Protein chains: 2
Amino acid sequence: MSRSKPTIDDVARMAGVSRATASRVINNAPGASGPLRVRVHEAVARLGYRPNEAARALASGRPRVVDVIAVSCNLPGGWLGSNPYYSRVLAGMMPLLEGMGAQLRVHALSHESAAEALDEIAAGVTLGAVLSDITPALAARFHRRCRRVVSLVPTAATVPAMVADNIGGAYTAVTRLHRLGRRRIAAIHGPAISTCAADRRIGHLRAVQRSGLADISADAAFTREGGYDAAQRLLAQHPDLDAVFVACDLMAAGVVQALTAHGRRVPEDVSVIGFDDSVAAICANPPLTTMRLPVEEMAAAAVRLLVSGDISPGHRELFPAELILRQSTARMSKVGPGIAGS
Amino acid sequence: MSRSKPTIDDVARMAGVSRATASRVINNAPGASGPLRVRVHEAVARLGYRPNEAARALASGRPRVVDVIAVSCNLPGGWLGSNPYYSRVLAGMMPLLEGMGAQLRVHALSHESAAEALDEIAAGVTLGAVLSDITPALAARFHRRCRRVVSLVPTAATVPAMVADNIGGAYTAVTRLHRLGRRRIAAIHGPAISTCAADRRIGHLRAVQRSGLADISADAAFTREGGYDAAQRLLAQHPDLDAVFVACDLMAAGVVQALTAHGRRVPEDVSVIGFDDSVAAICANPPLTTMRLPVEEMAAAAVRLLVSGDISPGHRELFPAELILRQSTARMSKVGPGIAGS
DNA sequence: GCTATCTGTGAGAGCGCTCTCGCCCGTATC
DNA sequence: GATACGGGCGAGAGCGCTCTCACAGATAGC
């Protein structure tokens, strides 16, 4: 008995059929049938045969790999830093891929190496690529090289995308603060390079204009420190602020820390709403009300589109943001422990 | 001009050399040289040639894929939940893999599907697998099927592993609390199924015995809610506690929330130390002192071992935990804003 | 009973690459 | 100048699989 892995020829020999028939049975393609199917299956089981994926990919030309590409444009500290967003993206894709026997390949690219690396990936044998973090320029370039691409972040209109309703989400958040009776509502926005940040900024502005409020806002990096510092600045300029809309939870956690350090109570004195519904939101003290994006669903939809194959330039689907109520916007009366809704 | 991707034959033809020579140059193997190398490189550049990975893997038999396997045994809410730990694992591996042109394949398995899935993966063509979350039993089973395995979590002695010094880390944390003058030190441990949790429990116990302190402890799930509830229970039974060692930051964030809700100030009344140095630690209010594990380094070391090939059963390397000081254990005097050390 | 139409099966040609082997040519050795 | 050696190079045989195609054998139509 040979020490090496059994091949489809071994299976065919054992089953007493040709390699072609064995292949047909294994891929349950039509044209093989009856007792032969049984015999082949028996042989597979007895030999513990597993198809060699590389050979399959080579012979069929039909890949079974989905690439996930992240070019960190938002986050300092390098890719994936400690951002659970990527975890959610992967988590959304895995069950689907697992189910169809496809594999997931992760590419983390620095901004500098991205251009060449994208070419490399585009040339690869892949079902397609999910862009989970990328600048519009790079996304467009990538799409030009490789049509089978779906972006999870806003990009040029030609690139197929699953886009989250960042504008609507920000609008909802600010409106919520207004309904809570807040009138000095500040906003802390993310860096301009991020299209998500830009959209959230637009949503905020619309809500502010619609409500006839002053536009009190500051920019910051998408980090806890960014939020902390921005809150301090805002507090210095507008000591009377009574609510803060923050463009991401990580920043929002820093905002809450800054407010506490400056003697403001959350939510009694200042209401805070974050964005993303990340771990940062539940770990902040008090836990943060936030806008949740259906990241898992978006990632899954991206995979489905990729696999379906009929992916046209400009295809896009919009996913709404959901308001998750926690203590940072609780009404004044009773502030119970835990993550109670308001 | 053909619409399809250029192959190595196209390169060879354009460079006026044989396929073998082209291959030698592309893989910069010895035996090709001088002007030919230049010509081949030129042809590659002109054609935009990229080797087909599937064909490479098939022909060489030498795979260029590293599998990362996570069977969620710790986390509720499914795989990867929102746990940045996985992000750190991936982040640690990516630069290395990217550098050697290898790919990373992610497998997220549920506990039920794991057994068969592991067999499937073991049969695949892979440089090896990094087990980032798995029970000892499954890890051992996997190691039996596929020798090229490195675990990042404690397992049976035969399975090669990069192990974090959870025992020492917990010991350090508790000792720190003791040195701070705390004498009623409580601990909140993770679920028994997790070997990390078990080790942290051992470290805590050693420190407690060594310091002659009482063993005040509670068990909880590795979640914010788990920490919150456990802290409440502990507080009810031991209202005089003045420090809490918590087996993970996510729980610790909940602990801080519970302490605050019950009128305890952190760190003035109660010192808190978490574990992992995750996002949860910096988002908690106040930010948490915590034990940091060199997860990225461990993951990178795992890849290096896998690639080196000389991976013997029982191989293991120990990685120390590092104390990261933040406000939750700051000395009473001045509690400045931000993440100041103590 | 003969050609036409199936369906089930096997032979065999690749997929794009790596790698062994042997050839050729240049230099060292006698 | 003939023999040995060695390094650069090309020919060609696979790697394990898929898939086309041709060929049997069975059924149908005239």
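Computed from a prediction, not measured in an experiment: that's the story for all the values here. Here, residues in each chain are numbered from 1, in the same order as that chain's written sequence. Lettering of chains starts at A and numbering of ligands starts at 1, both following the order in which they are written. A pLDDT threshold of at least 70 governs which residues receive local features in this predicted model, and a stricter bar of 80 or more applies before side-chain atom pairs are shown or counted, although totals over entire chains, interfaces and linings include all residues. Calculated side-chain values reflect all of the structure's heavy atoms, with hydrogen atoms and water omitted.

### Points about the overall build of chain A
Then step 1. A helix here means a DSSP run of H or I that spans at least four residues, while a strand means a run of E at least two residues long, and both kinds are numbered starting from the N terminus. Along its length, chain A carries 13 helices and 12 strands.
Then step 2. For chain A, buried positions account for 54% of its 342 residues.
Then step 3. Partitioning the intrachain contacts of chain A with sequence separation of at least 6 by distance along the chain shows that 69% fall at a separation of at least 24.
Then step 4. For the area figures, the Shrake-Rupley method with a 1.4 Å probe applies, and any residue is considered shielded solely by the protein chains shown. Just so you have it, chain A exposes about 13,800 Å², and 54% of that area is on carbon and sulfur atoms. Residue burial is assigned from relative accessible area. The probe radius is 1.4 Å, only protein chains are included, and a residue is buried under 20% of its type maximum, exposed over 50%, and partly exposed in between. Here, two residues are considered to be in contact whenever any of their heavy atoms come within 4.5 Å of each other.

### Comments concerning the packing of helix H1 (residues 8–15) of chain B against helix H3 (residues 35–47) of chain B
Residues and elements named next belong to chain B.
Then step 1. Interaxial distance between H1 and H3 falls to 8 Å at its minimum, and their mutual angle equals 125°. Taken as axis vectors, H1 and H3 run oblique relative to one another. Classified by chirality, the crossing of H3 by H1 is right-handed. Residues Asp10, Val11, Met14 and Ala15 of H1 form the contact with H3, whose participating residues are Arg39, Val40, Ala43, Val44, Arg46 and Leu47.
Then step 2. Classification used: nonpolar for Ala, Val, Leu, Ile, Met, Phe, Trp, Tyr, Cys and Pro, charged for Asp, Glu, Lys and Arg, polar for all others including Gly. Here the contact of H1 with H3 is built from residues that sort into seven nonpolar, no polar and three charged. Fitted lines through C-alpha atoms give the axes, limited to the stretch in contact for helices. The angle between two N-to-C directions lies from 0 to 180 degrees. For classification, angles of less than 35 degrees are called roughly parallel, those exceeding 145 degrees roughly antiparallel, those between 65 and 115 degrees roughly perpendicular, and all remaining angles oblique. Crossing handedness: left-handed means the near helix sits turned counterclockwise from the far one by under a right angle, and right-handed means the same turn made clockwise.

### Thoughts on the sheet that holds strand E8 (residues 243–246) of chain A
Residues and elements named next belong to chain A.
Then step 1. Taken together, the six strands give an open sheet; going across it, the order is E7-E6-E8-E9-E10-E12, and neighbouring strands pair in mixed fashion. Each having just a single partner strand, strand E7 (216–219) and strand E12 (322–324) make up the two edges of the open sheet. Neighbour to neighbour, the strand axes of the sheet diverge by 20° on average, direction disregarded.
Then step 2. Pairing between strands is defined by DSSP: at least two bridges between the two strands are required. Note: strand E6 (residues 185–189) against E7, four bridges, orientation parallel. When the bridges of E7 are listed, Ile188 appears paired with Ala218.
Then step 3. Along the sheet, helix H9 (residues 195–211) makes contact with E6, E7, E8 and strand E9 (271–275), crossing E6 at roughly 165°.

### Overview of the confidence of the model for chain A
All names here are of chain A.
Then step 1. Averaged over all residues, the pLDDT of chain A is 85; the fraction at 70 or higher stands at 88%.
Then step 2. Throughout residues 73–82 the model reports pLDDT below 50, and contacts reaching past four residues in sequence, or to other chains, amount to 29 contacts.
Then step 3. A score between 0 and 100, pLDDT records how confident the predictor is in each residue. For residues 334–342, every residue scores under 50 in pLDDT, and the model assigns this stretch 25 contacts once sequence neighbours within four places are set aside.

### Considerations on the protein's contact with DNA strand D
Then step 1. In this text, near means that some heavy atom of the residue lies within 4 Å of the molecule or strand in question. In the vicinity of DNA strand D lie 27 residues, with Ile8, Arg19, Tyr49 and Arg62 of chain A together with Thr21 of chain B positioned nearest.
Then step 2. Each atom of DNA strand D within 4 Å of the protein was classed as base or backbone; sugar and phosphate made up 62%.
Then step 3. Residues adjacent in sequence count toward polar contacts only when both atoms are side-chain atoms; beyond that, a polar contact is any pair of N or O atoms within 3.5 Å, and within protein one must be able to donate a hydrogen and the other to accept it. A distance of 2.4 Å separates a phosphate oxygen of DNA strand D from a polar atom in the backbone of Ile8 of chain A.
Then step 4. Taking Arg19 of chain B, its side chain carries an N or O atom lying 3.2 Å from a base nitrogen of DNA strand D.
Then step 5. In terms of residue class, the surface near DNA strand D is built from 12 nonpolar, nine polar and six charged.

### Section: the sheet that holds strand E6 (residues 185–189) of chain B
Residues and elements named next belong to chain B.
Then step 1. Pairing is mixed in the open sheet, where six strands are placed in the order E7-E6-E8-E9-E10-E12. Of all the strands in the sheet, just strand E7 (216–219) and strand E12 (322–324) have a single pairing partner and so form its edges. For this sheet the average axis-to-axis angle between neighbouring strands, irrespective of direction, equals 20°.
Then step 2. Contacts from helix H11 (residues 249–261) reach E6, strand E8 (243–246), strand E9 (271–275) and strand E10 (289–292) within the one sheet, and its direction differs from that of E9 by about 160°.

### As for the nonpolar core
Then step 1. Joining through side-chain atoms within 4.5 Å is the link that ties buried Ala, Val, Leu, Ile, Met, Phe, Trp, Tyr and Cys residues into a set, and such a set is a nonpolar core. Counting residues in each nonpolar core, the largest one holds 84 residues, and the members touching the most others are Met93 and Met162 of chain A together with Met93 and Met162 of chain B.
Then step 2. For Met93 of chain A, the residues in contact, after removing those within four places along its chain, are Val66, Val68, Leu104, Val130, Ala299 and Val303 of chain A.
Then step 3. Ranked by size, the runner-up nonpolar core spans 69 residues in total, among them Ala186, Leu250 and Val279 of chain A together with Ala252 of chain B.

### With respect to the protein's contact with DNA strand C
Then step 1. Every one of the 27 residues lining DNA strand C counts as a neighbour, but Thr21 of chain A together with Ile8, Arg19, Tyr49 and Arg62 of chain B are closest to it.
Then step 2. The sugar-phosphate backbone supplies 61% of the atoms of DNA strand C found within 4 Å of the protein.
Then step 3. In the model, a phosphate oxygen of DNA strand C is placed 2.7 Å from a nitrogen or oxygen of the Thr21 of chain A side chain.
Then step 4. Elements supplying a minimum of two residues to the surface near DNA strand C: helix H2 (19–26) and helix H4 (53–60) of chain A together with helix H2 (19–26) and helix H4 (53–60) of chain B.
Then step 5. Its residues assigned to classes, the surface near DNA strand C shows 12 nonpolar, nine polar and six charged.

### Focus on helix H13 (residues 295–308) of chain B
All names here are of chain B.
Then step 1. One fewer than the residue count of a helix, multiplied by 1.5 Å, yields its expected span. A rise of 1.5 Å per residue sets the reference length of H13, with its 14 residues, at 20 Å; its end C-alpha atoms lie 20 Å apart and thus fit the reference within 8%.
Then step 2. Along H13, the residues classified as buried are Val295, Met298, Ala299, Ala300, Ala301, Ala302, Val303, Leu305 and Leu306.
Then step 3. Of the residues one or two after H13, Gly309 is the one with positive phi, at around 90°.

### What about the packing of aromatic side chains?
Residues and elements named next belong to chain A.
Then step 1. Aromatic pairing here means that ring centres of Phe, Tyr or Trp (its six-membered ring) are within 6.5 Å. Orientation follows from the plane angle: under 30 degrees is stacked, over 60 is edge-to-face, and everything else is tilted. For the structure shown, the criterion picks out two aromatic pairs over all chains.
Then step 2. Pairing Phe245 with Phe275 gives two aromatic rings, centres 6.3 Å apart and planes at 70°, and the pair type is edge-to-face. You can see Phe245 sitting in strand E8 and its partner Phe275 sitting in strand E9, a full 30 residues away along the chain. Per residue, the accessibility class of Phe245 equals that of Phe275, and both read buried.
Then step 3. Whether a charge sits over a ring comes down to the Lys NZ or Arg CZ being within 6 Å of the ring centre and within 35 degrees of the ring normal. The cationic tip of Arg200 hangs over the ring face of Phe275; the distance from NZ or CZ to the ring centre is 3.9 Å.

### Description of the side chain of His189 of chain A
Then step 1. Inspection of the secondary structure assignment puts His189 of chain A in strand E6.
Then step 2. His189 of chain A has contacts with Arg200, Arg201, His204, Ser217, Ala218, Asp219, Ala220, Ala247 and Met251 of chain A, leaving out every residue within four places of it along the chain.

### Quick word on the packing of helix H8 (residues 166–179) of chain B against helix H9 (residues 195–211) of chain B
All names here are of chain B.
Then step 1. Between H8 and H9, the shortest axis-to-axis distance is 7 Å and the interhelical angle comes to 40°. Between H8 and H9, the angle falls in the class oblique. Regarding H8 and H9, the two cross each other, and that crossing is right-handed. On H9, the residues touching Asn166, Ile167, Ala170, Tyr171, Val174, Thr175 and His178 of H8 are Cys196, Asp199, Arg200, Ile202, Gly203, His204, Arg206, Ala207, Val208, Arg210 and Ser211.
Then step 2. Here the residues of the contact of H8 with H9 are counted per class, giving eight nonpolar, six polar and four charged.

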